[in-house]
Amino acid sequence: MEIVTQKFKHCDLIIVKGRVDSYTAPKLGEAIDIINNEGRYKIVLDLSGLEFMSSAGFRTMLMGQRTCKRYNRGEIVLASLPKRTQEALDLTGFTTLFKIFPDQVSAVGNF
Amino acid sequence: MEPNQQNKLDKDPKFIMRTAIFQANFKNLDSIREYVARAAKDAGFDEAGIYAIQLAADEASSNIIEHAYKTDDEGEIECTCNLDGDNLVIVFRDHGLSYEPDSIPQPNLTSKLNKRQIGGLGLYLIHQLMDEVHYESFDEVGNVLTLKKRIKG
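A few points on the structure.

Rules of the game
- Residues numbered from 1 in each chain as written.
- Chains lettered and ligands numbered in written order.
- Predicted model: local features only at pLDDT ≥ 70, side-chain atom pairs only at ≥ 80, totals over all residues.
- Helix = DSSP H or I, 4+ residues; strand = E, 2+ residues; numbered from the N terminus.
- Rg over C-alpha atoms; globule rule 2.2 N^0.38 Å.
- Buried ≥ 20, exposed ≤ 12 C-beta atoms within 10 Å, placed from the backbone.
- Contact = placed C-beta atoms within 7 Å.
- Nonpolar A, V, L, I, M, F, W, Y, C, P; charged D, E, K, R; others polar.
- Pairing = 2+ DSSP bridges.
- Axes fitted to C-alpha atoms, helices over the stretch in contact; angles between N-to-C directions.
- Expected span 1.5 Å × (residues − 1).

**Some details on the overall build of chain A**
Move 1: Of the regular secondary structure elements, chain A holds 4 helices and 5 strands.
Move 2: When its helices and strands are written in sequence order, chain A yields β-β-α-β-α-β-α-β-α.
Move 3: Computed over the C-alpha atoms, the radius of gyration of chain A is 12 Å, within 12% of the 13 Å expected from 2.2 N^0.38 for a compact globule of 111 residues.
Move 4: Expressed along its principal axes, the backbone C-alpha trace of chain A runs to roughly 30 × 25 × 25 Å.
Move 5: Taken over 111 residues, chain A has a buried fraction of 47%.

This is how it looks when you write it as structure tokens:
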């Protein structure tokens, strides 16, 4: 799994490529933590390159969302969610916890 | 019925029962997923089915690593893939502690963000993705988890 981050004026972008599971999910969590530790809580998670995500990834996103939404200071939104991951997220009822955008541009535009 | 379809309903001669042993470590989840994916493909599942099987296998293995072996990687996971009529049967055997999946409460799928519980998601997914799930625990010996999914190609 590969993570690339980028700062925009109104939000941070995290691009995730590859597979997020119990082994790699902590790295995604760290990337979110680093942004939060800078006092930034508006995040776009670009998942266009995501090949696989297990519940470990869902939990990481959930915990990140809790932190970002606290005190209404921000949120994590998802961009380009692949079909298979969306189906699994739907099964667990997690899709209601995130705004989902078809692409990075519209997701960044949310902020 | 086309000759192709007929073949899928008979026991596919191309399908070979297979068993592999993996060290119980999260870094081996990739290998476990690849292993069951190949079995699913040989069994004739479509892309959605292959993904579902990979995900179920990942969740099952993660549970074994975390709960049966308490994430200390001295244990092994034995994974067997076989056909049983129209079903792919995947069996996970470990020599760890009992992890009693039936005692885990079902996650609340609609509660607000802060009320969502973190645990139990993996097990819930396994039940949603597979048609049958059986768990057996043998005192002092280990656990056997059997997952079955009907082949849809």
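That was the structure; now back to the text.
**Side note on the interface of chain B and chain A**
Move 1: Facing the 22 residues of chain B at the interface are 20 residues of chain A.
Move 2: Those elements giving two or more residues to the side of chain B that touches chain A turn out to be α2 (29-43), α3 (47-68) and α4 (121-129) of chain B.
Move 3: Considering every element that reaches the side of chain B that touches chain A, the biggest residue donor is α3(B), with 6 residues.
Move 4: A breakdown of the residues in the side of chain B that touches chain A according to their chemical character gives 11 nonpolar, 6 polar and 5 charged.

**Structural notes on the pairing of strand β4 (residues 132-138) of chain B**
All names here are of chain B.
Move 1: Among the 7 residues of β4, 0 are classified as buried, and the element is accordingly described as predominantly exposed.
Move 2: Examined bridge by bridge, β4 and strand β5 (residues 142-150) share 7 bridges and lie antiparallel to one another. Looking at β5, one finds that H134 is bridged to T146.
Move 3: The turn linking β4 back onto β5 is made up of 3 residues, and E140 within it adopts a positive phi angle of 70°.

**Some words on the sheet that holds strand β4 (residues 75-79) of chain A**
Residue and element names in this part refer to chain A.
Move 1: On the basis of which strands lie adjacent, the open sheet formed by 5 strands has the order β1-β2-β3-β4-β5 and mixed pairing. The open sheet has two edge strands, β1 (2-7) and β5 (99-101), and neither has a second partner. Each neighbouring strand pair of the sheet contributes to a mean axis angle of 25°, computed without reference to strand direction.
Move 2: Note: strand β3 (residues 42-53) against β4, 5 bridges, orientation parallel. Each bridged residue has a counterpart across the sheet, and for D46 the counterpart in β4 is A79.
Move 3: Sitting on the sheet, helix α2 (residues 55-69) touches β2 (12-20), β3 and β4, and the angle it makes with β4 is about 135°.

**Quick look at the pairing of β5(B)**
Move 1: Sheet analysis places strand β3 (residues 87-94) of chain B next to β5(B), joined by 8 bridges and oriented antiparallel. Paired with B:V91 across the bridge in β5(B) is B:T146.

**Some remarks on α2(A)**
Residues and elements named next belong to chain A.
Move 1: Taking 1.5 Å per residue as the helical rise, α2 with its 15 residues ought to reach 21 Å, and the 21 Å between its terminal C-alpha atoms agrees with that figure.
Move 2: Here α2 lies mainly inside the structure; 11 of its 15 residues are buried.
Move 3: Residues of α2 that are buried: S55, A56, G57, F58, R59, T60, M61, L62, G64, Q65 and C68.
Move 4: Of the residues flanking the end of α2, it is Y71, one or two places downstream, whose phi is positive at about 60°.

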